[in-house]
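For reference, the chains in residue letters:
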Amino acid sequence: MSRPRTSQKASRFTESVIREMTRLAQKHNAVNLSQGFPDFPAPEVIKRAACDAILADINQYAVTWGAKPLRDAIAADFTRRWGVPVHPDEHLTVCCGSTEAMISTMMAIVDPGDEVVVFEPFYENYGPDAILSGATPKFVRLHSPDWAFDPRELEAAFSNKTRAIIINTPNNPTGKVFSREELELIARLCQKWGAIAVTDEIYDHILYDGAVHVPMATIDGMADRTITINSVSKTFSVTGWRVGWTIGPADITNAIRKVHDFLTVGAAAPLQAAAAVALSLPVSYYRDLAADYERRRDRLMKILESAGFVCYEPRGAYYIMTDISAFGFPDDVAFARHLVSEIGVAAVPGSSFYREAASGHTKLRFCFCKKDETLDAAETRLAALRAKV
Ligand SMILES: Cc1ncc(COP(=O)(O)O)c(C=O)c1O
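Within any chain, residue numbers begin from 1 and follow the written order of that chain's sequence. Thresholds applied to this predicted model are a pLDDT of at least 70 for local features of residues and 80 or more for the giving and counting of side-chain atom pairs; totals over whole chains, interfaces and linings are not thresholded and use all residues. Side-chain descriptors were evaluated using all non-hydrogen atoms of the structure, hydrogens and water having been removed beforehand.

What follows is about the nonpolar core. Residues belong to one nonpolar core when they are buried, are Ala, Val, Leu, Ile, Met, Phe, Trp, Tyr or Cys, and are joined through side-chain atoms within 4.5 Å. Burial classes follow relative accessibility: with a 1.4 Å probe on protein chains only, a residue under 20% of its type's maximum area counts as buried, one over 50% as exposed, and anything between as partly exposed. Formed by 74 residues in total, the largest nonpolar core has its most connected members in Phe236, Phe309, Leu339, Phe366 and Leu382. In this description a helix means any DSSP run of H or I spanning at least four residues, a strand means any run of E spanning at least two, and both kinds are numbered starting from the N terminus. Counting residues per element, this core draws most heavily on helix H11 (residues 283-306), at eight residues. In terms of nonpolar packing, the next biggest core, distinct from the first, is built from 30 residues, Val117, Ala157, Val214 and Met216 among them.

Here the focus is the sheet that holds strand S10 (residues 319-323). Strands in a sheet are paired, the pairing made by backbone hydrogen bonds, and the direction either parallel or antiparallel. For two strands to count as paired, DSSP must find a minimum of two bridges between them. Overall, antiparallel pairing links the four strands, which are arranged S9-S10-S13-S12 in an open sheet. In the strand order of this sheet, the two ends are held by strand S9 (310-312) and strand S12 (348-349), each with one partner. For S10 and strand S13 (residues 363-367), the ladder comprises five bridges, and the chain directions are antiparallel. Bridge assignment links Asp323 to a residue of S13, and that residue is Lys363. Pairs of residues are marked as contacts when any of their non-hydrogen atoms sit within 4.5 Å. Axis angles are defined between N-to-C directions and span 0 to 180 degrees, where every axis is a line fitted to C-alpha atoms and, for a helix, only to the segment in contact. Here helix H12 (residues 332-343) sits on the sheet and contacts S12 and S13; the angle it forms with S13, its principal contact strand, is near 40°.

Tracing the backbone shows Asn230 in strand S7 (residues 226-231). Side-chain atoms alone can form a polar contact between residues adjacent in sequence; in general such a contact is a pair of N or O atoms within 3.5 Å, and within protein one must be able to donate a hydrogen while the other accepts it. Only 3.2 Å separates the side chain of Asn230 from the backbone oxygen of Glu201, close enough to count as a polar contact. Discounting residues that sit within four places of it in the chain, Asn230 has contacts with Ser98, Glu201, Ile202, Asp204, Gly244 and Trp245.

Bringing the packing of aromatic side chains into the picture now. Under the pairing criterion, centres of Phe, Tyr and Trp rings, with the six-membered ring standing for Trp, must be within 6.5 Å; the plane angle then separates stacked pairs below 30 degrees from edge-to-face pairs above 60, leaving the rest tilted. Applying the stated rule across the entire model yields 21 aromatic pairs. Plain terms: the ring middles of Phe40 and Tyr293 are 6.3 Å apart, the flat faces sit at 55° to each other, and that makes the pair tilted. In this pair, Phe40 sits in the loop between strand S1 (31-32) and helix H3 (44-55) while Tyr293 sits in helix H11, placing the two residues 253 residues apart along the sequence. Tyr293 gets classed as buried once you look at its relative accessible area, which sits at 1%. Taken together through their ring pairs, the aromatic side chains of Phe40, Tyr203, Tyr208, Tyr293, Tyr318, Tyr319 and Phe368 make up a single cluster. Lying across the ring of Phe178, Lys176 places its NZ or CZ 4.7 Å from the centre. Lys370 extends its terminal NZ or CZ atom over the ring of Phe37, reaching a point 4.1 Å from the ring centre. Ring-over charges, as used throughout, are those where CZ of Arg or NZ of Lys falls within 6 Å of the ring centre and within 35 degrees of the ring normal.

Right, let's talk about the site of the ligand for a bit. As a structural note, the neighbourhood of the ligand is formed by 15 residues, with Ser98, Thr99, Asp200, Tyr203 and Ser233 the closest of them. Between a nitrogen atom of the ligand and a side-chain N or O atom of Asp200, the distance comes to 2.6 Å. Between the ligand and the protein, one listed contact pairs an oxygen atom with a side-chain N or O atom of Tyr203 at 2.6 Å. Where accessible areas are quoted, they stem from the Shrake-Rupley method and a 1.4 Å probe; at the residue level, only the protein chains shown are allowed to cover. Protein burial of the ligand: of its 400 Å² of free accessible surface, 92% is covered by the chains. Only protein atoms enter the 1 Å grid used here. Points where a 1.4 Å probe fits but cannot escape make up a cavity, open sets with protein on both sides within 12 Å along at least five of seven lines make up a pocket, and a residue lines them when an atom lies within 4 Å of a point. Here the criterion for a molecule occupying a pocket or cavity is that more than half of its atoms lie within 2 Å of the pocket grid points. A molecule is said to occupy a pocket when more than half its atoms come within 2 Å of that pocket's grid points, and by this definition the ligand occupies the second largest pocket. Sort the elements by how many residues they give to the shell around the ligand and helix H5 (residues 97-109) lands first, with three residues. Per-class residue counts for the shell around the ligand are five nonpolar, seven polar and three charged. A single heavy atom is enough: if one lies within 4 Å of a molecule or strand, its residue is considered near that molecule or strand. Note on residue categories: nonpolar means Ala, Val, Leu, Ile, Met, Phe, Trp, Tyr, Cys or Pro, charged means Asp, Glu, Lys or Arg, and polar means any other residue, Gly included.

Turning our attention to the pairing of strand S8 (residues 244-247). The side-chain alternation of S8 yields two buried faces, one formed by Gly244 and Thr246 and the other by Trp245 and Ile247. Sheet topology places strand S2 (residues 92-95) next to S8; four bridges connect them, and they run antiparallel. Bridge assignment links Val94 to a residue of S8, and that residue is Trp245. Here four bridges tie S7 to S8, and the two strands are oriented antiparallel to one another.

Following this line, the structure appears as structure tokens:
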């Protein structure tokens, strides 16, 4: 009997375009400004803490929802920064990166047929997350150039079928930082329809031009209906460590812990120990991080503008979304392929951030979490772009 050998779920989404661009970058020896991982070293002190943890034989399973020293450090950090009480034994689950935190949360709160509101353009994982958890995504557009949403469109997306809304601030790919007013409007809709806010705040320390991060959990009445997701990946330049977490009310945390336990058991124990050390770095570490990224942002903005791109200047996170209409290519994928193979610079086609590919055909995303030498090399290569198109 001939039966499909793979699930319908797995057939409903494609391989990550971002990772595909990274592979193409390797093939063509291109400068990789596609996937958002730093190419500079992580802080010495936390690398040493990771080595020390292994040598001290922290090498067996940690408690499934997270080693106590890390949960204590995360809870203390969140309460210190935002004044929201977090109980490390009740409100926290340590996961394998915010990627696992998001899918565990979705599987813990969504039943098949429930609707989940997602802003578009979106970080590409949220689409498959919705499919895997059985949710029906309802997309609400963030409109360029400032990536504002239309409050009427948002209101229309909510109904009694809405189980949750996913928010990502500071935002990948747009660099938008949601304002307090916007979050208050979202909060009112969550309260009206009994929905949960799932908020991915992994770029919360990477802000420019005085932009201020407002966590959804600090909005009046929202701590009890918000799951805040974060990780060490971006803040400490350790995307390969796979240590992230959720913070939320006890009943939802219990459900997340069960899903998490059976999906992964737990994040790497020695790296959890090192993550606790990372969270004890002084405030100056975070100031320097944001200042370094602001310098890189300004540099890549100049490089891209001189090469003929129209740039949407980000206020947070480490990506620049660009408009590529002026280059006259049929679509974003054709242009991205040209850029990687002929010019030697990899970027991500805009269509990977939209449900309908056509919505992203005039866009391309570059990241700037890169060493000066990497940005220099990109500059040299992109200078050839005008001549070649
Ligand atoms: C918005 C957003 N969320 C989550 C992730 C993945 O984070 P982690 O490494 O913690 O799984 C990324 C990585 O690029 C991201 O941009």
